[in-house]
Every structure is written in structure tokens, then in C-alpha cells.
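# Structure at a glance
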Amino acid sequence: MLPMSRRSVLTLAGLTGMTSAVAALPAGSAGAAVAAKDPVADIYRQLLHVHTQWVEQQWDTSIGAYRAADFRFTVVLGNAVLLGLDDYDARSTGVDADTLRVRTVATIQRYAATNRLVGGSEWGKQLFWDSTFELYFVLAARLLWKDLDPATRANVQAIAEGQAAYAYALGTRDDPLSDGCSPNGITGAWKGDTKLADMGVYAQALAPGLAWAGDNASAPDWRDRFLLWRANASGLPVADRANPAVVDGERIDQLLTAHNLHDSFIVEHNGSADPYAQAELWRTAGRAAIHFMVAKQPLPQVLLHQPNGDELWRTLRLLAGDAGEPVMPMAADRYHLYGRDVLPLAYLAQVQGDRDAARAEAELAERLLHYVRYEPKYRLTKLSDQEKYEPEARAELAVAYLFHRLRAAPVQPVSVQQFFANARGTRDFGEDIGLLAHQNQAAFAGAVTKPGFVRFLWQPGHDNWLVDSRDPVFLPADVIATQRWTKAYQKNRDGTHATATVLAVDDGYAGFTTLPTGTVVYASTGLSGEGGLSLFNLSVPGVPGLDGYRTFTYAGGKAELTDQIDGSDITFTPRVARYVRMLGREPATEYGYSIWTLRVLDVRGADLAQGAMPIASSEDVWYPARNATDGNPETRWAVNREERAREDSWLAVDLGSPVKVAGVRITWESAYGKKFVIQTSTDAVTWTDAAVLPETRTVSRWVNIDGRAGLVTHGGKDKITVSATAVSAPAPIIEGYSGGGRDLARSAARPMPAAKGLSVSDADGFLSIFNLTPHPAVDVTVRLPSRQWLYVGTQVVTKNGLEWPVSLDAASARVEPPRFRTEGNPPAGTTFEVADSHRVTVTAPPKTRAVVTLRCGKWSSTVRVPAGKSRTVTVPDVPITPVADLSRGRTTFPTSPLPAGMNSPESAVDGDPRTSWRPGESGRMVVDLGAVHTISDVRVTWSERGEQRPHRIDSSTDGLEYGPLAAQARYVALAVEGWQVGDAEVIHFVVR
């Protein structure tokens, strides 16, 4: 047991047993000057201060403590951290330090005595979710230890030890107190609903006991069980069986039994891919780690070397937006819950030392500072009905702050540009997951093909407050796909990062390609309701792009449109009415409609509705209609929970008698009306539209959205309609461009490629070719209007451009990157035969010589070919793509953490001759080919220096049972015998 005051905690000089991932702690208190500036910690400090205004609303004078509902009393952790500051700011918190201290201590005393683990009956012991809030509560008590009386200290210690004992006594069984939550023993689950978070909870419940009662006789058993749960939380058998790395004295291949991940390193929760649930791996780690750190105990190695942790973090980077929060590709019930996103990033950055995570954390912190002041003010989590998230977010913000202050200097983030350069890539997560993702430095894009969630995704500029990804991009809403075709292109295998998707739907086909430039291309056979793009439009000062309006630039004009949900006046021609109502047409969120205040304005702008009688289509029992006109800006109306999906919900005001009205002013909660109508009536029977929101404009062919993105349409007769919250651009081909620097008028006016029976775009020089038919396309001639770019295959110069034959399977697509750029004017009939990325043959027509300059990156060559002759040109020192190598760019094992002496096996399959795999003592790697293939040849290329050790090739179809190389395999293993430092390393491991 290590009793510690808050001052001793915040003035620690170092941590015993920490690895180099966490630097020595700073000297001086949390409020004192530190050696290195830490702007993120400063923001956290400000947020804790400001958020205390919400905290004080939770004080219950009748019990002399903060409220118990939704664990609101655990706000004490944030309070305890603030009370440790030398520069506590009462003006920001709205309460003086002495009062806050008295209330915080009183709350700790009360709830320490009412916990079930000390004989109380109010809360505690239950793993889900009481044990989580116990972690916050116990830590708060430790920070205020000297302020607590002996009885309270004893109770807090009993909670820490008692929860560990209870969790340990469960073994691998379910907690009988936690209905509906289960880790499924140590087997876990991966299809539909991962047990990653559940196992994390079982582990974290042991942490306070281990940290604060290390001398307990049961502590060694608790530690073993902590390792078991913590390691298995991220279990993936095909990876773990191939990993002999040792963590906390145990080999991963012998310790791990759980299967909680898909083999594409993503998790599902409630039946869909869920990045938020994936982040629970580091959220639960952070809750546990802070106890060891504050108690000056060594961190268990598993907290710093999580099995498969690097791969899971790579997935989240692949899905990252610009605010540190990942795209929520399917269920988006936790979208923009910024306060709940802090802890995983802070842990990865400040405990594990990840500089990419530090960038994501910094971006999130910057937005959170403005977000917390947006209605409802002083809250860290919005757009959710989970009230327990608010005290939890405060506690996790406090933990994140401590992570920063328990370092000599913060981990320095990479630049934004470097973050997305590191994150770029593509991945097809497989048919079970139904997600295709593409991250690049200009945008995130992808496709969801899982039934019930089908949509295309696009986040230009990574801006997660521009395009609302909860709605499908261009694809009609609620479309049902009867057939799916997807392909992810990789640069080291195919020459570019790109994706292609084709969906067969009831009334036709739709295709979508994503390009490395951030551009996306949509093509269809003409679907009802297609071409839509939903936009966010809020007024959140300080957040880029959220200024309450969107600016559209188009041929012949510009318009600034607002959806008028920010409390601005909605005016209309004055008319006599007794009743005024807001009639919904489309809610912006899954929570229906909610309004803080509804004002009805007379011709002078005075409010006629305050105190008047409102009526509504429905109301939540806690948020009745009368709240909208009671004059209190802190109360609101919300639709009944059962009515949230209803689009035409309404709220009306009876003004008592007919009067002249000229407008309304609505203060929306985050569940606002994306589309709605203001109507008036004299009898509440016949209603007349007074204003239809939002305002729209109709434009032709192209439109620039806010200088952040642009759309260009090709074909079709319909025009583009824009409003502050949506764009409708129905057309057979839609090109979406990231950023505002594109000449959209020129893109719209350019001649397009043409091919019989195919849809083709050459946006940014990349060919997006779609076969949106049930029949294969064989040797179809694509007529390219430009001679500028050459593609793999044969192309012949014509007087109007190039002709290039292509074949495509039924209902499929292809992205073809340009391999060479041409300059000059080769005569018609000149043929270019492009073999791959480094070899092209030029053949002149029979009677005319051909002269052309070819460029590939920095290389160029002017080729002169006599009439009727051919000349082959080879580009030196460039990666050759595409390749037939089945292993190129594929997943390899062991995953993280790597065995001693081994570097990543990815180096053997990246196609780069400058990298190589160092086998280490364990000497075995596996490549996952993604599916079972017919194997004809396996080759190993060794470095020239050092002895080539004997090696063996094995294979497997399931990744668990291996035997000698077989003709059919998905997993191919290379085992090197007796490798020692200085021996030859593997440069290429090729499977054909």
C-alpha cells in the first residue's frame, strides 16, 4: 500500500521500472513551469476548468455530494487534478477552490462508504460498468489522500483490493452482476461482436489492487490474471500462434487463446465494423496504466507491448479524419463524441511514445477546446443520449492530463502532412466486414458493402465536419446490394493506391473508385435518388468550416447559404396567425428533433411565444414541449424516443389569439432539423408554409463547395441542386475532387473517354473503367481523348487521341494508373506497348517515323523510331509493377511485438531491394496471401553479405496447422535455422 497526497503524485521525479517509451517525470507541481512546453496539456487544463461549470450542476444539496445517477460523482477525478494546480482559476470553473475541495472530499467520503465492496448497496463490484468508474474514483481518492479521514482511506483501499479479488475469483466466468456482458471465457469472439473491450474490463478491474496493494498475498495471482486478460483482449490465433515473443515472462504463442479480431485487424461491435470499439484496447490500457504510474509501480510489459497492437493502430490511422477521430463507416452512434476519444490517443502518444498518435491527440485537443463551448455548453460529449459518457469523459481527460504531466517532455507530434503520409494505403477488410478503405494525403474514401450499411464514403481534406459520412455519398439511401465486387490496389504491388467497387442493386448498378489524389469517381446505370452528398453545417466558432453557412461557387455565380439552425432569425412575409409550428422533413441525426427554445417573432422582432402553450407530435418524458417556450435556455423539448425515426415530427405554439407574426428563431440542440418547414395557421387545422428550410440553388455541371471540395457531373440532363446541408448531383458519372484549387469548369468541359458498354473517367490521368452490366466485356476499345498518358497494355495513336483495348469481368471495375507521360506529336498509327512501370515498346507506323519524349518520374528519354520499326525503352531503378507475386504487400507474421532480434517480416514482401528481413533467433515468418491460392513457385532472395542459413518452406490453409509446401495454400511460412547476427538476411520472399 502506497499512501500518496496529490502533491506527492504531481511532483514525482521519475517512475521505477518504466521503459524508454515514457521519459522521466518532470520536477515541480503540475501547475509549475516545466522544462518543455506542452500545448496539449495546457488545453486539457483549460477544458477541466471550463467543464467544472457542468460539474457544479451535478451537486445535490439533499445528499451533500455529487449525484449518483450515471456515475456523475466520478467527476471527482477531474476535481482532484484541478485542486493540485498552483494556478487554479475560479473564474473559469465558476466555483472557488475551497468549495470545490469540500464538495469533492464529501463526495469521496459518501461513495466510498456506499460501495458494495465495503458493505454498501449503492454501487460497485459489478464489472460492467461499475468497476470502470471505480478506477476513476480510487485514483481521485489517491490524489486527495491527505484530505481523507482514516475511515474513508480504509474504504478506498478496500474497494481497490476487493474489486481485484472479485475479478480474480470469477476466473474466466461471466460476472453474474453484469447482465448481457461477457468475455466468452478466454475464447473471445470476433464475428459480429468482439470481446476485446470485455477482456479489457476484466483486466482493468485488477489494476488498482495491483498498483495500490502490491503487498497483498494474492497480488502475484492478480498479476498473472491481468496478463491473461490483457494479452488475450487483442488475440488473433493465426498471428499469435506464429509469435514466440515474450511479454511479462510468457510466450505469446503459448499464452493467447482468444480470437477477438478479424484477420484484417479490425473489430466488429453490434454487427458492424467499429473503430470506436477498437480504441477500447487503449482506453482500458490507459485506465489501468495511470494507477501503476501514480503509484510509482512498474508498468506491466503487456501495457507497452500489446499483441497485435501496432496493426490495430495502423487500421485506425487508415480510417483517420483530421480531428483525431476515425471515420465511423457503419454505425455512427458515437460520432463526434470528442471527449471520449481523448484517452486512447493520449495513452498511445504519451505512454507508448507514438508520434502519429501525438499528432492525432493534438488535433483533437484543439477542436475539443471549441467544441466544449458549443451548445449544450460545457459538455465534453455531445450528439449522444448516453449520460454516463459525460463524467467518464471528464475522468479520462484528467487521466490524459496526468499522462502529459508525468513526462519530462511531451512526445512531439509529426506534422499533419507526415501523419497522413504515414497512414496512407488501402485495404479490403474482407466480405465478412464489408469495408474497403483508402487513406491518402488529400482525403479518406471507401465503400461499405455490408448488408444494412451499404454506402460509399468520402471525406475530402479529411474534414470530418464537411461531408456527413452517416449518409451515403452519391449512392441512394437505404440501397440494397444483391452483389458486391471490390478491389484494393497497392502501390508496391499495382503501382498505385486505389480502390474500386461495383454493386448490383435492384434497379441497376453503381460503381465507385478512389484515387491516390483524393479524387473519387461515381458511375451508375441511373438509380433513383442518386447523386446526394450530405453536409454538416453548424456554427462552432474556432472549428474550421463550421461558421454556420456553406459557400458554393458555380458557373456564373456564388452563394452563401445557411440552414438557419444556429439561432438566426427565419423571417417571412408578415401574416396573421394564432398557431406557428416547426414541421420536420428530415432530422440530421438518429435522435430525431430537439429544440432548446422556439421563439415566434412579431414585426419588431419581439418574442410572442415565451410563456405560450406549446404542443408537439410527441415529447420525451424528461424533455416536454413546454420547455421550448419557458424562457429557460437550459431546458429543451425532444421527441419521444420511440418517435426518433419519424421525419415529420413537429412542435407548435398556440399564441392564444390571432396576431401578426413575421418570423421565428429556433435554438436547436445537436439533434437538429436538416430539412424543415415553418408553417402558420389560424385554426390549427389548415396550415400554410411560411418558410421552407434550407434555401437552395440550382447550377449546371460543376460546383465548388466551400473551397474544400468540388463536384463535376458528366452526362444526364439533371442539374445540381445545393443547400447549406446537402448537394444533389444526379448523373451517370460524378467526379468528386478534394480541395479548392481545381479548375472545375475545365474539368467539366473536357472531352471524356468513351467505350461501348462501359463507363469511363480519366480524372487526374487515372482511368476509372466500369462494366455496369451482367456480361463480361472482352477487348472493348476505349477511345482516350488525350495522348498525354500511357497505360499498361497496347495503345494506338489516332488523330483524336489514343485507342486502348480493355477486358473486364461482369459487374466489375478497374483503376489503371498512368505509367508514362508523353511529349511531342507522334503520328497516327504509332503503337505503344507498355509492359509494366519500367518498360515500353514504341512502334512507328509503316510509312512514317515516330519521335516522342517519354517521362516517368524524374526520368525522361526522347525516342526516335524509323518507319515500321520498334524500339524498347527501359526505365532504370524503379519498382516494377504490376507484379504476379502473391505475397507482395500482404500481411505478415509475427505481428507486434516482434521476437527478440527480429525486424518486421514486411521487409521481405515489400518489393524494395533496400530493405530486408532479419530472422532473429526464432527465425520464422509467415505471409498471409489473403485467400487460398494455387502455388506454383516460392523463391527466397538473400542479401549478399553473410552466410545463407538452411531454410524450410511450409504452408497452411487455415494458419493454424502447417505442413510441407502444398499446391493449395493461404499461409506460406519461411523458417530459417540457426540464424545469427551477421548472417544473410531475406530481401525478397516471393510466392507465385
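The shown structure was predicted, so the numbers you read here are calculated from the model rather than taken from an experiment. (Residues numbered from 1 in each chain as written. Predicted model: local features only at pLDDT ≥ 70, side-chain atom pairs only at ≥ 80, totals over all residues. Heavy atoms only, no water.)

## Topic: the pattern of salt bridges
Note the following rule: Any carboxyl oxygen of Asp or Glu within 4 Å of a side-chain nitrogen of Lys or Arg constitutes a salt bridge here. Buried residues are those whose accessible area, probed at 1.4 Å on protein chains only, stays under 20% of the maximum for their type, while exposed residues exceed 50% and partly exposed ones sit between those limits. A run of H or I in DSSP counts as a helix once it spans at least four residues, and a run of E counts as a strand once it spans at least two, with each numbered from the N terminus.
Under the definition given, this model contains 59 salt bridges. The partner of Asp253 in a salt bridge is Arg251, and the shortest N-O contact between them spans 2.5 Å. When its relative accessible area of 35% is taken as the criterion, Arg251 is described as partly exposed. The closest approach of N and O atoms between Glu396 and Arg340, which form a salt bridge, is 3.5 Å. Linking Glu396 in helix H18 (residues 389-405) with Arg340 in the loop between helix H15 (309-318) and helix H16 (342-351), this pair joins segments that are 56 residues apart in sequence. Residue classification places Arg340 among the buried residues on the basis of a relative accessible area of 2%.

## Digging into the UniProt feature "domain: F5/8 type C" (unreviewed entry) in the protein
We apply this condition: UniProt positions are given in the numbering used here, feature names are shortened, and annotations may be inferred rather than shown by experiment.
Here the UniProt-annotated "domain: F5/8 type C" (unreviewed entry) positions come out as residues 595-689. Along residues 595-689 one finds 0% helix and 45% strand; the C-alpha atoms at either end are 20 Å apart.

## Re the packing of aromatic side chains
What counts is decided by this rule: For this analysis, a ring pair means two rings from Phe, Tyr or Trp (six-membered ring only for Trp) whose centres lie within 6.5 Å, classed as stacked if their planes differ by under 30 degrees, edge-to-face if by over 60, and tilted for the remaining angles. To sit over a ring, a charge needs its Lys NZ or Arg CZ within 6 Å of the ring centre and within 35 degrees of the ring normal.
Overall, the coordinates contain 27 aromatic pairs when judged by the stated rule. Consider the rings of Phe71 and Phe133, whose centres lie 4.1 Å apart with planes at 5°: the pair is stacked. Residue Phe71 is located in the loop between strand S2 (65-66) and helix H3 (76-82), and its partner Phe133 is located in helix H6 (residues 127-143); the two are separated by 62 residues in the primary sequence. Each member of the pair, Phe71 as well as Phe133, carries the same accessibility label: buried. Ring plane angle 75° and centroid distance 5.3 Å describe the contact between Trp123 and Phe137, whose orientation is recorded as edge-to-face. Taken as a pair, Trp123 in the loop between helix H5 (97-113) and H6 and Phe137 in helix H6 lie far apart in primary sequence, 14 residues in all. We classify Trp123 as buried; its relative accessible area is 2%. The class for Phe137 is buried, based on a relative accessible area of 0%. Aromatic ring contacts, followed pair by pair, group Phe71, Phe73, Tyr111, Trp123, Phe133, Tyr136 and Phe137 into a single cluster. Positioned above the aromatic ring of Tyr111, the side-chain terminus of Arg110 is 4.8 Å from the ring centre.

## As for the environment of Glu431
Position of Glu431 among the secondary structure elements: in the loop between strand S7 (425-428) and strand S8 (435-439). When its relative accessible area of 65% is taken as the criterion, Glu431 is described as exposed.

## Observations concerning the sheet that holds strand S40 (residues 839-843)
As a reminder of what qualifies: Note on pairing: DSSP must find at least two bridges between two strands before they are called paired. What counts as an axis is a line fitted to C-alpha atoms, over the stretch in contact for a helix, and the angles between N-to-C directions run from 0 to 180 degrees.
Strand order across the open sheet formed by 6 strands is S33-S36-S35-S39-S40-S43, with antiparallel pairing between neighbours. Every interior strand has two partners, whereas the edge strands, strand S33 (777-784) and strand S43 (870-874), have only one. Averaged over all pairs of adjacent strands, the angle between strand axes in this sheet comes to 20°, irrespective of strand direction.

## Describing the side chain of Arg493
Assignment of secondary structure puts Arg493 in helix H20 (residues 491-494). We classify Arg493 as buried; its relative accessible area is 8%.

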